[in-house]
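Results of the structural survey
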Amino acid sequence: HAHAAQLLSGLDGVGAELVRAASGAARAALKQERRAAAAHYLDQALAAGTDDPSALADLLELSLLLGQPERARECLETQLARPELTSEQRTFTRVLLAETCEQLGDLEAAARTLEEESEDSEVLGYARERVVDLLERLGETDRALAQLEAWSKTVRPEWLSPSCGR
């Protein structure tokens, strides 16, 4: 623990290198079942403020392993801000962010995240279904109806079952 802390203090301001060292130290601490130390290293890694994709993925995984949805949300929001994400990566990130926000009790943020996703993704079904559910739980009936109306315009005829009027 002391050796890792000393090593990390020498990496101040180095960004991605600090994140990799801190996340490695966090993983080592987790393997030794030292969750408090792992959380400390995760905090150090997050404080470095990197937008390196592999470092963010590592921090997200550590946050989830440590049961720290607040930190997972921070990683996901940082990831989502990256303009070079593919449509598939953006979809995956938004869905995880919405689930994390919901876990934190922030239903409004979860709904907003999925509303944005449902506008620019080919994976409309899950996002629309979740956002309608969240909006209904928030008492936002008009927004839920607007989502259902938008969803109905995107459904391809071949997706309709024979019992739906096809």
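Note that the coordinates shown come from a computational prediction; the quantities given were computed from them, not determined experimentally.

The number of helices and strands found in the protein chain is nine helices and zero strands. What you see in the protein chain, going N to C, is helices and strands ordered as α-α-α-α-α-α-α-α-α. Residues classed as buried in the protein chain amount to 41% of the 166 residues present. Taking the contacts inside the protein chain whose residues are at least 6 apart along the sequence as the reference set, 50% of them involve residues at least 24 apart. About 9,400 Å² of surface is accessible on the protein chain, with carbon and sulfur atoms providing 52% of the total.

Turning our attention to the nonpolar core. One finds Leu59 and Leu114 to be the most contacted residues of the largest nonpolar core, which totals 39 residues. Of all the elements, helix H3 (residues 35–47) adds the most residues to this core, at seven residues.

This next bit is on the side chain of Gln68. Secondary-structure assignment places Gln68 in the loop between helix H4 (53–65) and helix H5 (69–80). In this structure, Gln68 is in contact with Ala39, Leu42 and Ser63, ignoring residues within four places of it in sequence.

All told, the structure shown has 11 salt bridges when counted by the stated rule. A salt bridge links Glu84 to Arg82; the shortest N-O distance between them is 2.7 Å. By relative accessible area, Arg82 is classed as buried at 9%. Of the charged contacts in the structure, one is a salt bridge between Glu115 and Arg143, with a shortest N-O distance of 2.8 Å. Of this pair, Glu115 sits in helix H7 (residues 107–120) while Arg143 sits in helix H9 (residues 141–154), and the two are 28 residues apart along the sequence. What makes Glu115 buried here is its relative accessible area of 14%. Here the residues in one salt-bridge network are Glu102, Arg130, Asp133 and Arg137, joined through shared partners.

So, how was this worked out
- Residues numbered from 1 in each chain as written.
- Predicted model: local features only at pLDDT ≥ 70, side-chain atom pairs only at ≥ 80, totals over all residues.
- Heavy atoms only, no water.
- Helix = DSSP H or I, 4+ residues; strand = E, 2+ residues; numbered from the N terminus.
- Buried < 20%, exposed > 50% of the residue type's maximum accessible area, 1.4 Å probe, protein only.
- Contact = heavy atoms within 4.5 Å.
- Areas by Shrake-Rupley, 256 points an atom, 1.4 Å probe, with all protein chains shown as cover.
- Core = buried A, V, L, I, M, F, W, Y, C linked by side-chain atoms within 4.5 Å.
- Salt bridge = Lys/Arg side-chain N within 4 Å of Asp/Glu carboxyl O.

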